[in-house]
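Structural overview
Below are the chains, spelled out letter by letter.
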Amino acid sequence: MNVLVINCGSSSLKYQVIDSATEGVLAKGLCERIGIDGRLVYEPKGGEKEITEAPMPTHKQAIQMVIDALTNEKSGVLKSLDEIGAVGHRIVHGGEKFAASAIITDEMIQAVEECSDLAPLHNPANLIGVRACQELMPETPMAGVFDTAFHQTMPQEAYLYGVPYEYYEKYGVRKYGFHGTSHSYVSRRAAAILDRPYESLKTIVCHLGNGASVCAVKNGKSVDTSMGLSPLEGLVMGTRSGDIDPSAVEYIAKKEGLDMAGILNVLNKKSGVMGLSGVSSDFRDLEAAELEGNERAAAAQRVFNYRVLKYIGAYAAAMNGVDCICFTAGLGENNGVTRRQICESLGYLGIQIDEEANKKRGEEIVISTPDSKVKVLVIPTNEELAIARETVALLK
Ligand code: ADP
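Described in the following lines is the structure provided in the data block.

Definitions and cut-offs
- Residues take numbers from 1 onward in each chain, read along the sequence in its written order.
- Where local features are concerned, this predicted model is filtered to residues with pLDDT of at least 70; where side-chain atom pairs are given and counted, the filter is 80 or more; whole-chain, interface and lining totals use all residues.
- Hydrogen atoms and water are omitted, and side-chain values are computed over all heavy atoms in the structure.
- Relative accessible area decides the class of each residue, using a 1.4 Å probe on protein chains only: under 20% of the type maximum gives buried, over 50% gives exposed, and in between gives partly exposed.
- Runs of E in the DSSP output that reach at least two residues are strands. Runs of H or I that reach at least four are helices, and both are numbered from the N terminus.
- All axes here are fitted lines through C-alpha atoms, helices being fitted over the stretch that makes contact, and every angle between N-to-C directions spans 0 to 180 degrees.
- Here is the rule for angles: anything less than 35 degrees is roughly parallel, anything more than 145 is roughly antiparallel, 65 through 115 is roughly perpendicular, and the remaining ranges are oblique.
- Less than a right angle of anticlockwise turn of the near helix away from the far helix marks a crossing as left-handed, whereas a clockwise turn marks it as right-handed.
- Residue contacts follow a heavy-atom distance rule, with two residues in contact if any of their heavy atoms lie within 4.5 Å.
- Nonpolar residues are Ala, Val, Leu, Ile, Met, Phe, Trp, Tyr, Cys and Pro. Charged residues are Asp, Glu, Lys and Arg, and all others, Gly as well, are polar.
- Here a residue is considered near a molecule or strand provided that any single heavy atom belonging to it is located within 4 Å of it.
- Within 3.5 Å is the distance limit for a polar contact, defined as a pair of N or O atoms, with the added protein rule that one can donate a hydrogen and the other accept it, and that residues adjacent in sequence qualify only through two side-chain atoms.
- Accessible areas in this description were obtained via Shrake-Rupley with a 1.4 Å probe; residue shielding takes into account the shown protein chains only.
- For the purposes of this analysis, a disulfide is any pair of cysteine sulfur atoms at a distance within 2.5 Å.

**A closer look at unusual backbone geometry**
Backbone geometry at Asp 195 places phi at a positive 55 degrees, although glycine is not the residue there. Asp 195 sits in the exposed class, given a relative accessible area of 70%. Even without being a glycine, Asn 320 presents a positive backbone phi close to 55 degrees. If you trace the backbone, Asn 320 turns up in the loop between α11 (295-318) and β12 (324-328).

Dropping the structure here:
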């Protein structure tokens, strides 16, 4: 069955068509600047990347353009829309309502809407994509796959914040965690690569991209993760602050004359390694600046690494040990220097890195030495494939 995987944001939409039998990608791409002007990127398997600038006032029109590209006589990969057997949608926040993926129905959509308060920037945009697909493909079954679902197994001591309990009861204030599809996919792959039962492995997954989080997976279940009620908690990220003393928030807001929206904008978009370095949120730019002697760029990377290191230590403690540590996402998959710098301080866990293996990038590889007590792996994440698999499994 071909599965169309959709990851819909407020002004952009990423898509892939995956043949679930072979797990091969037939085509992928994205729509950008929806509602502004419009740009479609379409990349068929084995073909040239095509870029089309065309007006895309709504998401429905954007998805129609994707369908036209997929079924186009020249470079299309499908004869008709009928060859799409299902659509899998990424949905950011499932609150406590969704501990697993779900088939999309009217009731399901209503339940997702009820979680929108917790993710006002993401869930409504995800649902716009769902509704647009429903209009264009009314007969095609669809599933929603949540970023938060994998973390619903966290115990109370991990997810409760130390604030009045009634805020949890009344408003659902707690840690939910994100990147769940990636943490689940990568931790499973680690067990398969190491040929160990997933149900008896203690894994720490470091998803280090522009957004970044660490997850403790014990016996196949997420038991803690660094993002919280929103993706702002935890690691220092590309532009997000991660953990910060709440009193500093009030102090900065007062000094800078910012209201709540203003300060949250700073913490989400102007902080992290971008804010620290004043150079960029992209680690390639930071490395280049550091080589030119930029001290702040160097400090930003050290701060980033140190926070990852602290979470690894915390999660080894939370699980009373760790069998393997995985690096994934843009930085985790490609940046051997960051991996080495983090692992250098993990000697106390009996970790030894194989320098040659660590030079590889973008492939599944064990980068620890054979006698390293804890295995360290690089595993490219594949959230689209995980969404396609979930969708097919649900339809069965
Ligand atoms: P997101 O999906 O959260 O937007 P990514 O997973 O794409 O982010 O990660 C982006 C980060 O990965 C950037 O900081 C970038 O520097 C880093 N990155 C991506 N590709 C490479 C590469 N080839 N070499 C080094 N760093 C890379």
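Still more ground to cover, so stick around.
**So, the packing of α11 against helix α13 (residues 336-344)**
Interhelical geometry of α11 versus α13 gives an angle of 50 degrees and a closest axis separation of 9 Å. One finds that α11 runs oblique with respect to α13. The element α11 and its partner α13 pack so that their crossing is right-handed. Here α11 contributes Phe 304, Asn 305, Val 308, Leu 309 and Ile 312 to the contact with α13, which in turn contributes Thr 338, Gln 341 and Ile 342. In terms of residue class, the contact of α11 with α13 is made up of 5 nonpolar, 3 polar and no charged.

**What to know about the environment of Lys 255**
Following the sequence through the fold, Lys 255 ends up in helix α7 (residues 246-256). In this structure Lys 255 comes out as exposed when scored by relative accessible area, which is 61%.

**Topic: the site of the ligand**
Taken together, Gly 209, Asn 210, Gly 211, Ser 281, Asp 282, Phe 283, Arg 284, Ala 329, Gly 330, Leu 331, Asn 334 and Arg 361 make up all the residues around the ligand. The separation between an oxygen atom of the ligand and a polar side-chain atom of Asp 282 is 2.4 Å. Phe 283 places a main-chain nitrogen or oxygen 3.1 Å from an oxygen atom of the ligand. Here the ligand has 570 Å² of accessible area as a free molecule, and 68% of this is covered by the chains. Only α10 (283-291) and α12 (329-334) provide two or more residues apiece to the shell around the ligand. Residue contributions to the shell around the ligand peak at 4 residues, all from α12.

**Let's talk about the state of the cysteines**
Enumeration over the complete set of coordinates arrives at 0 disulfides. Free cysteine: Cys 8, not disulfide-bonded; nearest cysteine sulfur from Cys 133 at 7.9 Å. Taking relative accessible area as the criterion, Cys 8 reaches 3% and is therefore assigned buried. A relative accessible area of 0% places Cys 133 in the buried class.

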